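Listed below, chain by chain, are the residues.
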Amino acid sequence: MIEVNGLFKKFGKNQVLDGLDLVMGDGGIIAILGPNGSGKTTLIKCLLGMVIPDKGTIKIGDVPIRGSWKYRSGINYMPQIADFPGNVKVRELFDMIRDLRQQPDRQQELAELFGLGPHLQKRLSTLSGGTKQKVNIVLSFMFDCPLLILDEPTTGLDPAALIRLKELIREEKSRGKTVLITSHIMEFVAEVADEVIYLLEGRIYFQGTVDELKKKTRQNNLEHAIAAITATPENA
Amino acid sequence: MKSVLLIFLFFLLPSGWTQVAGQVEVCPDCAVSTIKKGIEKAGVGDTVLIRKGTYLEYNIAVEKPLTLLGEPGAVIDGQDKGEILRILADSVTVDGIEIRNVGTSYTTDWAAIRVVKSEYYRIEHVTLKNLFFGIYLERSDNGKVLNNTIIGDAKDEYNSGNGIQLWYSKHVEVRGNHVQGVRDGIYLEFADEVVIADNVSTKNLRYGLHFMFSNNDRYTGNTFENNGAGVAVMFSRNISMTGNTFRKNWGSAAFGLLLKEINDAEIRGNTFEENTVGINIDGSNRVVYTDNHFIKNGWAVKVLGACYTNSFRNNNFLYNSFDISYNSKMNDNVFDGNYWSEYTGYDLDKDGIGDVPYRPVKLFSYIVNRTPETIILLRSLFMDIIDFSEKVSPIFTPDNLVDANPIMKRRQ
Amino acid sequence: MLKILKYSFYDLMRSRWSYVYFLFYLMLGFVLLFLNNDVSKAVITLMNIIIVLVPLIGTIFGIMYCYNSKEFTELLLAQPIPRRSIFLGQYLGVASSLTFSLIFGLGIPFVLYGLFMSDAIFDFSLLLVTGAFLTLIFTALAFNIAISNENRIMGFGYAVLLWLFMAVIYDGLFLISLVIFEEYPLDNFSIAATLLNPVDLSRTLILLKLDISALLGYTGAVFKQFFGTNAGLVISAVMLLLWTIFPVWRMVYVAKRKDF
């Protein structure tokens, strides 16, 4: 359970989060959508404790996260840009994260799944963007955590890898985990998401299932529904 | 001829057959229990043998030629009452006595041993402790002061005396003495033709060795360490200074060697090490400096006032904070063929002489002369940049002050 | 924290620049000693290099590392590790790898040359300790700049400016003020001004060994107290320590409140 209460955050003159309230239940795949600059990444980073809100509280599993860091052992995070220290080999990166977290993992299985075997001894700076993203995926799925946060997970993936990613996400869901996803690929969202949160100007503009959204906007296609949502009056 | 024979007889005949018989023994329990009595009883040329023991005496006068020979442990204690031994006759020898507790006076220069208007004296193996003046030679020529040890505990200049003082005394040899803890270790005033050799003068309040109005003297092989200032040579001519060591004379007015109004001197083969100022030169002309070593001094050579026709050749200047410092733009002195550890030039023709002249005066030394606190910026990058630009185009430093032939390897 | 330190350190130890830095000092040491054959002269030249080059390299290296490891830092931030550990670990990783290069780069030639037999060993160790402190200080300052400036170009600019100011401009202003106010007693001012700049502070610390004869030439009582006794050495060492601790503390303070 994630509870966000009256979250404010300002970057310079830019009010990114403007009194955001949000409750998310356990389990299921939740897509956070919204136009550029609507505060998606900021919200995620607030959840991770990377951005410190000006005001408001966040509770994850009934525990306020402010000033704490231990709760992060229950979160797997996949950042948007997969850039790692260039001198390090893939194998060493995995080992390092495992060493840092000291939790049981399934890195080996995942690495094989994404065909990273031949790359393990390569330095990260020599990898292609797609391969780096695969490394990124392995890193964020290797631990058994109740909450997964994926920021634009599909970037740079080949179709095969994309299919595996979707399978992975569903698998996690079937284990009763909560998966938060941001993505610009609406097809992907429509396919995997159970619930959609639409952010606009730092507030929740819509929260509900994909079907509810389609119904509300009277569109058959998520992409069009999203496009329509901002055009319709607030209480529509 | 007759007179020579007479003198010969006078000295040699008595000592020839009275040497053994002419010995007076003094000891605390003997019939002769004081030195004064012993001297009284002794005949001309006799030896007064002072046995081990402490003799509480002062104002002892020696008015005839004789030898005062002290056994080890023979001590005269003056109890701070006044002068101890006064020699008023020629050919007196004082040997092996220890003298303690000379009185301090603000009106009279009381000394442990004073020689007055006498010649052919010999003072050796004497130990002086807790003294005011040590050995005071007054209008006494042709004597020798050898291998004595003088250890004072002077605290202030105004109520302390000098270790060995020569006043109007010529042809004296001062050799192998150790002087410490007095005002001036060795002081010469109007003393000509004197040789000062192989002495160690250390921890004295003022100078290790001090010349005033004394000419044609020579000092060699001495060590001056940790004095208020090493050696001061003032208003004197033809002084030869060779093979001495000046070390660790530290302080705001401290220097290894001070030359004030000195003409025609020779300074050769000395070592100046870790002094605040190696040589402080003030109004001195025609002085020749060769084969000296200046090592790790604050200022190796500091030139003040007008100094003409001095020459510095074949010296080693090693790791001094400043090699040469001038306080004027004028230069009439010659620097040639020295080794400078800071020299960064090259020797393409391999003749052992740097192809680029060396400028030993830094702009920074001018700034420090003007504002002493700036010393704290020594060796900063900013100062190095300023010094470099001054070296390229001299504005404040004398532009003819260069060593045109700096040698590439230090002289041994 | 130790784990972060370990990974940062290994990461840097494998980077080309660490080798360049290490080899530079190694060559410098050999050239100074074996072409010159004179330990005293080598120590003086080294001092000039240490007080100028070490801060520059510490600053540039520190700022480069900060900006280049931005993504790595963000990766770590999402892990269950306190921020203090992440930043302290990275800082110590950079600072220790630089110190390592410095000490071994210079140490090896000196040891081979037979330093342990020479009486310059104390001067030399003082040089290394001061160099290590300067590395710690300027790396910390660079981290501070990087953490407060998202813009790399600006950050680099500030870093170079910082070095230029500490190494050159500060002394220029210092000198000018001394000369302008020469009629006033300046003892306390000069010592304070020295303590406020770590480069000057390190230089003074080394001067106390190399040029004590010249320093004692000055008449001021405060100077005399400072240079003539161990007080100078102790105060300088304490100030260097403060200069290290304060920027590190500020780095952690800012990092804890910063958004990534």
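Residues numbered from 1 in each chain as written. Chains lettered and ligands numbered in written order. Predicted model: local features only at pLDDT ≥ 70, side-chain atom pairs only at ≥ 80, totals over all residues. Heavy atoms only, no water.

### Overview of the overall build of chain B
Turning to step 1, where the next piece is worked out: If you tally the helices and strands in chain B, you get four helices and 39 strands.
Turning to step 2, where the next piece is worked out: Principal-axis analysis of the C-alpha atoms places the extent of chain B at approximately 85 × 50 × 30 Å.
Turning to step 3, where the next piece is worked out: Relative to its full complement of 412 residues, chain B shows a buried share of 55%.
Turning to step 4, where the next piece is worked out: Nonlocal contacts in chain B, meaning residues at least 24 apart in sequence, comprise 47% of its contacts between residues at least 6 apart.
Turning to step 5, where the next piece is worked out: Accessible area for chain B stands at about 16700 Å²; split by element, carbon and sulfur atoms hold 53% of it.
Turning to step 6, where the next piece is worked out: Of the charged side chains in chain B, 42 are positive and 50 negative; the average position of the first set lies 2 Å away from that of the second. (Helix = DSSP H or I, 4+ residues; strand = E, 2+ residues; numbered from the N terminus. Buried < 20%, exposed > 50% of the residue type's maximum accessible area, 1.4 Å probe, protein only. Contact = heavy atoms within 4.5 Å. Areas by Shrake-Rupley, 256 points an atom, 1.4 Å probe, with all protein chains shown as cover. Lys, Arg positive; Asp, Glu negative; His and termini not counted. Charge placed at Lys NZ, Arg CZ, Asp CG, Glu CD.)

### A word on the pairing of strand S10 (residues 111-116) of chain B
All names here are of chain B.
Turning to step 1, where the next piece is worked out: For S10, the buried fraction is high: six of the six residues fall into the buried class.
Turning to step 2, where the next piece is worked out: Here strand S7 (residues 85-87) pairs with S10 via three bridges, running parallel. The partner of Leu85 across the bridge, within S10, is Ile113.
Turning to step 3, where the next piece is worked out: Pairing between S10 and strand S13 (residues 133-138): five bridges, direction parallel. Each residue of the ladder has a partner; that of Ala111, found in S13, is Phe133. (Pairing = 2+ DSSP bridges.)

### Structural notes on the state of the cysteines
Turning to step 1, where the next piece is worked out: Taken as a whole, this structure holds one disulfide over all chains when the rule is applied.
Turning to step 2, where the next piece is worked out: Covalently, Cys27 of chain B is tied to Cys30 of chain B through a disulfide, its sulfur atoms 1.6 Å apart. Between Cys27 of chain B and Cys30 of chain B the disulfide shows an S-S torsion of about 95°. By sign, it is right-handed.
Turning to step 3, where the next piece is worked out: We classify Cys27 of chain B as buried; its relative accessible area is 13%.
Turning to step 4, where the next piece is worked out: Sulfur of Cys145 of chain A: no disulfide; nearest cysteine sulfur belongs to Cys46 of chain A and is 20 Å away.
Turning to step 5, where the next piece is worked out: On the basis of relative accessibility, which here comes to 1%, the residue Cys145 of chain A falls in the buried class. (Disulfide = S-S within 2.5 Å.)

### Topic: the interface of chain C and chain A
Turning to step 1, where the next piece is worked out: Every contact between the two is made by 24 residues of chain C and, on the other side, 29 residues of chain A.
Turning to step 2, where the next piece is worked out: Between chain C and chain A lies a buried interface of about 2400 Å² when both sides are counted; carbon and sulfur atoms form 59% of it.
Turning to step 3, where the next piece is worked out: One can count one salt bridge joining chain C with chain A.
Turning to step 4, where the next piece is worked out: Counting every contact that joins chain C to chain A gives eight residue pairs in polar contact (both at pLDDT 80 or more).
Turning to step 5, where the next piece is worked out: Among the elements that make up the side of chain C that touches chain A, the one with the highest residue count is helix H4 (residues 70-77) of chain C (six residues).
Turning to step 6, where the next piece is worked out: Looking at the side of chain C that touches chain A, its residues break down into 11 nonpolar, two polar and 11 charged. (Buried area = accessible area lost by both parts, 1.4 Å probe. Salt bridge = Lys/Arg side-chain N within 4 Å of Asp/Glu carboxyl O. Polar contact = N/O pair within 3.5 Å; in protein donor to acceptor, adjacent residues only side chain to side chain. Nonpolar A, V, L, I, M, F, W, Y, C, P; charged D, E, K, R; others polar.)

### Describing the interface of chain C and chain B
Turning to step 1, where the next piece is worked out: In this complex, chain C contributes 37 residues to the contact, which on the side of chain B involves 33 residues.
Turning to step 2, where the next piece is worked out: Taking both sides of the interface into account, the surface hidden between chain C and chain B amounts to around 3000 Å²; carbon and sulfur atoms contribute 66%.
Turning to step 3, where the next piece is worked out: Seen at the junction of chain C and chain B, the total is one salt bridge.
Turning to step 4, where the next piece is worked out: Note that Arg370 of chain B and Glu182 of chain C form a salt bridge whose closest N and O atoms lie 3.2 Å from each other.
Turning to step 5, where the next piece is worked out: Across the chain C-chain B interface, the total number found is four residue pairs in polar contact (both at pLDDT 80 or more).

### Concerning the arrangement of the chains
Turning to step 1, where the next piece is worked out: Counting contacts across all two pairs of chains found in contact, the highest total belongs to chains B and C.
Turning to step 2, where the next piece is worked out: In this structure chain A stays clear of chain B, and the shortest span between their C-alpha atoms is 36 Å.

### Let's talk about the packing of aromatic side chains
The geometry of an aromatic ring pair is captured by two quantities: the separation of the ring centres and the angle between the planes.
Turning to step 1, where the next piece is worked out: In this structure the tally under the stated criterion is 34 aromatic pairs over all chains.
Turning to step 2, where the next piece is worked out: Ring centres of Phe213 of chain B and Phe235 of chain B lie 5.5 Å apart, and the angle between their planes is 15°; on these two criteria the pair is classed as stacked. You can see Phe213 of chain B sitting in the loop between strand S22 (207-212) and strand S23 (218-220) and its partner Phe235 of chain B sitting in the loop between strand S25 (229-234) and strand S26 (240-242), a full 22 residues away along the chain.
Turning to step 3, where the next piece is worked out: Lying across the ring of Phe8 of chain A, Lys55 of chain A places its NZ or CZ 4.9 Å from the centre.
Turning to step 4, where the next piece is worked out: One cation-aromatic arrangement involves Arg114 of chain B over Tyr136 of chain B; the distance from NZ or CZ to the ring centre is 4.1 Å. (Phe/Tyr/Trp six-rings, centres within 6.5 Å; stacked < 30°, edge-to-face > 60°. Lys NZ or Arg CZ within 6 Å of the ring centre and 35° of its normal.)

### Regarding helix H7 (residues 210-217) of chain A
Residues and elements named next belong to chain A.
Turning to step 1, where the next piece is worked out: Those residues of H7 that fall on the buried side of the exposure criterion are Val210, Leu213 and Thr217. Seen from one end, H7 has its buried residues packed into an arc of 60°, which puts them on one side. Structural note: H7 exposes Asp211 and Lys215 on the side pointing more than 90 degrees away from its buried face.
Turning to step 2, where the next piece is worked out: In this structure, the buried side of H7 is in contact with strand S9 (195-200), strand S10 (203-209) and helix H8 (222-229).
Turning to step 3, where the next piece is worked out: A positive phi of about 55° marks Arg218, the residue just after H7. (Arc of directions from axis to C-beta.)

### With respect to the UniProt feature "domain: Carbohydrate-binding/sugar hydrolysis" (unreviewed entry) in chain B
Residues and elements named next belong to chain B.
Turning to step 1, where the next piece is worked out: Following the UniProt record, the feature "domain: Carbohydrate-binding/sugar hydrolysis" (unreviewed entry) maps to residues 50-189 and 196-356 here.
Turning to step 2, where the next piece is worked out: A helix fraction of 0% and a strand fraction of 44% characterise residues 50-189, whose end C-alpha atoms lie 33 Å from each other.
Turning to step 3, where the next piece is worked out: The span residues 196-356 is 0% helix and 48% strand, and its two end C-alpha atoms sit 41 Å from each other. (UniProt positions renumbered as here; feature names shortened; annotations may be inferred.)

### Some words on the environment of Ser169 of chain B
Residue and element names in this part refer to chain B.
Turning to step 1, where the next piece is worked out: On the secondary structure map, Ser169 appears in the loop between strand S16 (164-167) and strand S17 (173-175).
Turning to step 2, where the next piece is worked out: Judged by its relative accessible area of 0%, Ser169 falls in the buried class.
Turning to step 3, where the next piece is worked out: Considered as a pair, Ser169 and Gly283 are 114 residues apart in the sequence and their alpha carbons are 26 Å apart.
Turning to step 4, where the next piece is worked out: In contact with Ser169, other than residues within four places in its own chain, are Leu137, Glu138, Arg139, Ser140, Asp141, Phe190, Ala191, Asp192 and Val194.
Turning to step 5, where the next piece is worked out: A distance of 3.1 Å separates a polar atom in the side chain of Ser169 from the backbone oxygen of Trp167.

### A few points about the layout of surface pockets
Turning to step 1, where the next piece is worked out: Of the voids in this model, the largest pocket is the one considered here, and its volume is about 820 Å³.
Turning to step 2, where the next piece is worked out: Those elements that provide at least two residues to the lining of the largest pocket are helix H4 (381-392) of chain B together with helix H3 (39-68) of chain C.
Turning to step 3, where the next piece is worked out: It is H4 of chain B that contributes the most residues to the lining of the largest pocket, six residues altogether.
Turning to step 4, where the next piece is worked out: Looking at the lining of the largest pocket, its residues break down into 15 nonpolar, seven polar and eight charged.
Turning to step 5, where the next piece is worked out: The space that makes up the second largest pocket amounts to roughly 670 Å³. (1 Å grid on protein atoms, 1.4 Å probe; cavity = no way out; pocket = protein on both sides within 12 Å on 5 of 7 lines; lining within 4 Å. Points joined across faces, edges and corners; volume = space filled by probe spheres on them.)

### Focus on empty space enclosed by the protein
Gaps left between atoms are located by rolling a probe of water-molecule size over the structure's atoms.
Residues and elements named next belong to chain C.
Turning to step 1, where the next piece is worked out: Summed over the entire model, instances satisfying the criterion amount to five cavities of 30 Å³ or more.
Turning to step 2, where the next piece is worked out: Volume-wise, the largest cavity comes out at about 180 Å³.
Turning to step 3, where the next piece is worked out: If you go around the largest cavity, you meet 14 residues; those closest to its centre are Cys66, Lys70, Ala146, Ile147 and Phe260.
Turning to step 4, where the next piece is worked out: Elements supplying a minimum of two residues to the lining of the largest cavity: H3, H4, helix H5 (83-113) and helix H6 (121-148).
Turning to step 5, where the next piece is worked out: In terms of residue count, H6 provides more of the lining of the largest cavity than any other element does, three residues in total.
Turning to step 6, where the next piece is worked out: Tallied by class, residues from the lining of the largest cavity come to seven nonpolar, four polar and three charged.

### Some words on the nonpolar core
Turning to step 1, where the next piece is worked out: Counting residues in each nonpolar core, the largest one holds 270 residues, and the members touching the most others are Val135 of chain A together with Leu68, Ile113, Tyr219, Val233, Leu257 and Leu259 of chain B.
Turning to step 2, where the next piece is worked out: Counting 14 residues, the second largest nonpolar core, distinct from the first, contains Ala193, Tyr198, Ile226 and Ile229 of chain A. (Core = buried A, V, L, I, M, F, W, Y, C linked by side-chain atoms within 4.5 Å.)

### Quick notes on the sheet that holds S7 of chain B
Residues and elements named next belong to chain B.
Turning to step 1, where the next piece is worked out: On the basis of which strands lie adjacent, the open sheet formed by 12 strands has the order S4-S7-S10-S13-S16-S19-S22-S25-S28-S31-S34-S37 and parallel pairing. Only two strands of the sheet have a single neighbouring strand rather than two, namely strand S4 (60-62) and strand S37 (322-326). Taking each pair of neighbouring strands and ignoring which way they run, the sheet shows an average axis angle of 10°.
Turning to step 2, where the next piece is worked out: Both strand S34 (residues 299-304) and S37 contribute to a ladder of four bridges, which runs parallel. Bridge pairing links Val303 to Tyr326 in S37.
Turning to step 3, where the next piece is worked out: On top of the sheet, helix H3 (residues 363-370) reaches S34 and S37; it is set at about 60° to S37, its chief contact. (Axes fitted to C-alpha atoms, helices over the stretch in contact; angles between N-to-C directions.)

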